[in-house]
Protein chains: 2
Amino acid sequence: MATQHIGIGMAGFGTVGTGVWETLERNGQLISNRAKGAFSLSIKKAAVRDINKKRIENAPSELFTTDWQEVVNHPEVDIVVELIGGTDTAFDIVAAALKLKKPVVTGNKALLAERGKELFALSRDYDTPIHFEAAVAGGIPVIKAVQDSYVGNRIETMSGIINGTSNYILERMTTAGLDYQTALKEAQDLGYAEADPALDVNGWDAAHKAILLATLAYGFTVPPEEVYVRGIERVRTIDIDFATKLGYAVKLLSVIRVHANGSVEIRTQPSFIPQSHILSSVNGVFNAVAVRGDASGEALFYGRGAGKEPTASSAVGDLVEAAYTFVHAAGHRGFLPYAENGKVLPIDQTETAYYVRFEVEDRPGVIAEIANILANDGIGISGTQSPVDPEHPDKDFCDMVFLLHTCPFGKLRETLKKCEALDCSTAEPVVFRIEKLATD
Amino acid sequence: MATQHIGIGMAGFGTVGTGVWETLERNGQLISNRAKGAFSLSIKKAAVRDINKKRIENAPSELFTTDWQEVVNHPEVDIVVELIGGTDTAFDIVAAALKLKKPVVTGNKALLAERGKELFALSRDYDTPIHFEAAVAGGIPVIKAVQDSYVGNRIETMSGIINGTSNYILERMTTAGLDYQTALKEAQDLGYAEADPALDVNGWDAAHKAILLATLAYGFTVPPEEVYVRGIERVRTIDIDFATKLGYAVKLLSVIRVHANGSVEIRTQPSFIPQSHILSSVNGVFNAVAVRGDASGEALFYGRGAGKEPTASSAVGDLVEAAYTFVHAAGHRGFLPYAENGKVLPIDQTETAYYVRFEVEDRPGVIAEIANILANDGIGISGTQSPVDPEHPDKDFCDMVFLLHTCPFGKLRETLKKCEALDCSTAEPVVFRIEKLATD
Ligand SMILES: NC(=O)c1ccc[n+]([C@@H]2O[C@H](COP(=O)([O-])OP(=O)(O)OC[C@H]3O[C@@H](n4cnc5c(N)ncnc54)[C@H](OP(=O)(O)O)[C@@H]3O)[C@@H](O)[C@H]2O)c1
Ligand SMILES: NC(=O)c1ccc[n+]([C@@H]2O[C@H](COP(=O)([O-])OP(=O)(O)OC[C@H]3O[C@@H](n4cnc5c(N)ncnc54)[C@H](OP(=O)(O)O)[C@@H]3O)[C@@H](O)[C@H]2O)c1
């Protein structure tokens, strides 16, 4: 069979886009060999915002345009790669490509998590796939694993550390004793965090990825507003010290789990996980996702969760997948929702043990006041302490931490509202989940 | 599009074969939904050795035959799953299926490692794929990761713990202080080791898997006789104690690494790996493969390396892949060799540091004799010790261990021959690699 030349249109040529270009330059021949000479890939057009920005040397200036329509409509463009980010223009680009039956490769978790319903509907109507390995966990091929390798499995649980910036900050707070602000600044200085790190530290970047994993595993587009998300902004070194002493690591953990009634628990929040669990050794900007299927048993996928090259690696893998299908007119190999009655489990029905830190006025009797409320509501206490906080020696409030027995989160929430309403309370209590993460 | 019914022929219906049947029974509808209703899968015929053996209840007796040709030639069989093991009949089955243009799914690492050259040639000639996710690391989808997700990467290294039985034995020797024979017996009693555990403990099961990983990554069929393999039969608790004290874990490690001249290092042998490296926490019957690509960076795939269900999970994933291609007449999506000049690096040219244990007569002067030979040959010593061996308090030989600086293995081998020729030497020295396993 003669080699078919496949044209790629890039919408976005920033960090990841440049990585895709470089990877195809460096390994294009190898890719073609591996594809048995069925096709070769070349980038025909790229949309950017600033046409005057200096780009990598060997990319010719004719490649670039500021008009994404030129990319999508270009007659030699067969596959469109969306790497601009955001949920507006990116939506228009992906929608336009699908309507032209041009397969899409994207790294945009926000777009698919927020507007996946509309886009997958277009994907179905126009029988054209959207591939999104690059959107979850950078260079780790967990999307393909869940979608293809584990197609024969009911997925029971997935637990992921899927935001490298948060993970880096928590690790530095743990190993170097830095406070949150210092660790965040360090992450920014090292280029790990975005200039505006909001989505990283408020948990939403991880939550978007968790939404995509759940969508894949359970076949329905998960409404983001039904997903519980807390970031790491209120984590303090006293929390981490407490966890460490008890044999836990503090991680921003995304948990996805199907329940007996078929509804799906999906949440992202700071969690205590046992130091003996392999997820606790995922440090720095690395990501990991533990996946448990009814046949596969427990597996873990670990690697670089972001960055130019790892993310480009995933985008190029998807490009090759799209190219195979394109060359052979081989139908739709991408994901499509199939579960019409998919449901998110209300967060109030989820159950774990908890670590709760109360910030209260520093005066006698406050332990008793809180303990009374917990006792009256039947929430068991397995430990309590009022640790000295070296970060704030002169503050006029104190911290009270409680380890609480397993109960529904809804019940805990009601009780915590009462505690917060106490006169002595100076802030909303901070809640960490204590995760069991049993391995088989 | 109407749902197409795809018939599967099973050659072998033992542990894994039964798992494939059960998985399709349990999750067949889910698989069909995920495949957008493009096809449904059903098993039409199964070959076994003993027609009278009791099989799982809901498999009808008409399903079975002792004649594999009946399976392969069956008019309703579109895809053939080979799960009988061995390299003779299994070869005939796979070859016959390919010649009928029926895609093959197999879990047989011995077959592909020993006779892959012939089979991939048939795969090419008949334009029909062989899928073999189940052959490497049970339920861990590392084959698809390397073949598809990382298609855009030059693979730099892969390091794997890919034999669960050996890993279990080494772990028990480490954590429970068992000697090799006791740990092996325990593994057999628990059903982890085969009745004849030869391929597990002599390293060849892992080596077959390493050959397949190298074949995928570098595109040439690796001649098994060019691959260096040592098992765990001579590992003793004193070796493990020594390693532990120095901050290492002892693992049967398979290492694959491409060198600047393009030739590929492939070896399987007992190794010291730093306790700080994530591979050192792979315990029990779990497997893990660390893969480093030039774009992806370092990644790790971890999970159940064998067993009915995990291996069936991989076989079913491959079945779905084969079915997609079959339904859409979408050409060859399997692996084919592409590197005509692929070369294995001669083991003598590989370099690491080493731990060597000599078994010598228990008399004065032996340390000096060995140290002199090492010194004369310019092999640096970073430590030596003559540990007391609690397993053999009354023996008439003693153990001398040396930690040796990095040098080519060929050089070490020459020197060790001289040491072995000394009068005081009572056995061939035991060599462990000390692996660096740098993470990025
Ligand atoms: N960076 C990572 O490590 C990473 C990892 C995983 C996923 N992702 C995802 O990949 C996507 C791209 O990330 P990135 O880091 O590569 O972003 P980036 O460096 O900011 O690049 C964005 C690119 O899009 C262009 N662009 C923005 N708005 C445009 C518009 N309206 N019309 C035309 N071009 C426009 C920019 O043009 P200029 O070059 O002229 O500014 C730039 O080339 C995002 O969805 C992100 O979430 C990134
Ligand atoms: N078990 C694992 O965990 C695992 C993991 C990864 C890969 N694998 C690989 O998967 C393959 C199968 O392993 P397994 O554990 O399922 O083996 P198994 O339990 O021994 O099953 C072998 C099956 O093949 C049948 N068979 C053997 N010779 C035959 C012949 N000449 N004609 C027809 N049928 C024949 C046997 O028939 P009877 O039932 O009548 O004896 C049995 O059903 C092997 O290549 C193995 O290396 C196994």
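On a predicted model such as this, the values are computed, not experimentally measured, just so you know.

Caption draft 1: Inspection of the site of ligand 2 at higher detail. All names here are of chain B. Close contacts around ligand 2 come from 22 residues, with Val16, Asp50, Lys53, Arg55 and Gly307 the closest. In this structure, an oxygen atom belonging to ligand 2 sits 2.9 Å away from a main-chain N or O atom of Thr15. Gly307 is positioned such that a nitrogen or oxygen atom in its backbone is 2.7 Å from an oxygen atom of ligand 2. Burial of ligand 2 by the protein amounts to 79% of the accessible area it has alone, namely 900 Å². Partitioned by chemical class, the residues of the shell around ligand 2 number eight nonpolar, nine polar and five charged.

Caption draft 2: Representation of the site of ligand 1. Residues and elements named next belong to chain A. Close to ligand 1 lie 22 residues, the nearest being Phe13, Asp50, Lys53, Arg55 and Gly307. Here an oxygen atom of ligand 1 sits 3.3 Å away from a polar atom, N or O, in the side chain of Lys109. Interatomic distance of 2.7 Å between a backbone N/O atom of Gly307 and an oxygen atom of ligand 1. For ligand 1, the protein covers 79% of the area, taking 910 Å² as the surface of the free molecule. Grouping the amino acids of the shell around ligand 1 by side-chain chemistry returns eight nonpolar, nine polar and five charged.

Caption draft 3: How the structure looks around the UniProt feature "binding site: NADP(+)" (unreviewed entry) in chain A. Residue and element names in this part refer to chain A. Within this structure's numbering, the places UniProt gives as "binding site: NADP(+)" (unreviewed entry) are Ala11, Gly12, Phe13, Gly14, Thr15, Val16, Gly17 and Thr18. Tracing the sequence through the fold places Gly14 in the loop between strand E1 (4-11) and helix H1 (15-34). The exposure class of Gly14 is partly exposed, given its relative accessible area of 36%. On the secondary structure map, Thr18 appears in helix H1. Ignoring any residue separated from it by four or fewer positions in sequence, one finds Thr18 in contact with Phe13 and Ile56. Only 2.6 Å separates the side chain of Thr18 from the backbone oxygen of Gly14, close enough to count as a polar contact.

Caption draft 4: Here's a closer look at the sheet that holds strand E1 (residues 4-11) of chain B. Residue and element names in this part refer to chain B. Spatial ordering of the open sheet is given by E3-E2-E1-E4-E5-E6, a layout of six strands whose pairing is parallel. The strands lining the two open edges of the sheet, one partner per strand, are strand E3 (64-65) and strand E6 (130-131). Lying over the sheet, helix H1 (residues 15-34) contacts E1 and strand E2 (39-47), oriented at roughly 165° with respect to E2.

Caption draft 5: Here's a closer look at the interface of chain B and chain A. At the interface, 53 residues of chain B touch 54 residues of chain A. Counting the surface lost from both chain B and chain A, the interface buries some 4900 Å², and carbon and sulfur atoms represent 55% of this. Connecting chain B to chain A are two salt bridges. Between Asp294 of chain B and Arg26 of chain A there is a salt bridge, and its shortest N-O distance comes to 2.9 Å. For the side of chain B that touches chain A, the elements supplying multiple residues, two or more each, are H1, helix H5 (142-149), strand E12 (297-304) and helix H11 (308-327) of chain B. The biggest single contributor to the side of chain B that touches chain A is H11 of chain B, with eight residues. Taken together, the residues of the side of chain B that touches chain A break down into 24 nonpolar, 16 polar and 13 charged. Strand direction decides the pairing type here: strand E12 (residues 297-304) of chain A and E12 of chain B, joined by five bridges, are antiparallel. Across the sheet, Gly303 of chain A pairs through a bridge with Ala299 of chain B, a residue of E12 of chain B.

About the cut-offs
- Residues numbered from 1 in each chain as written.
- Chains lettered and ligands numbered in written order.
- Predicted model: local features only at pLDDT ≥ 70, side-chain atom pairs only at ≥ 80, totals over all residues.
- Heavy atoms only, no water.
- Near = heavy atom within 4 Å.
- Polar contact = N/O pair within 3.5 Å; in protein donor to acceptor, adjacent residues only side chain to side chain.
- Areas by Shrake-Rupley, 256 points an atom, 1.4 Å probe, with all protein chains shown as cover.
- Nonpolar A, V, L, I, M, F, W, Y, C, P; charged D, E, K, R; others polar.
- UniProt positions renumbered as here; feature names shortened; annotations may be inferred.
- Helix = DSSP H or I, 4+ residues; strand = E, 2+ residues; numbered from the N terminus.
- Buried < 20%, exposed > 50% of the residue type's maximum accessible area, 1.4 Å probe, protein only.
- Contact = heavy atoms within 4.5 Å.
- Pairing = 2+ DSSP bridges.
- Axes fitted to C-alpha atoms, helices over the stretch in contact; angles between N-to-C directions.
- Buried area = accessible area lost by both parts, 1.4 Å probe.
- Salt bridge = Lys/Arg side-chain N within 4 Å of Asp/Glu carboxyl O.

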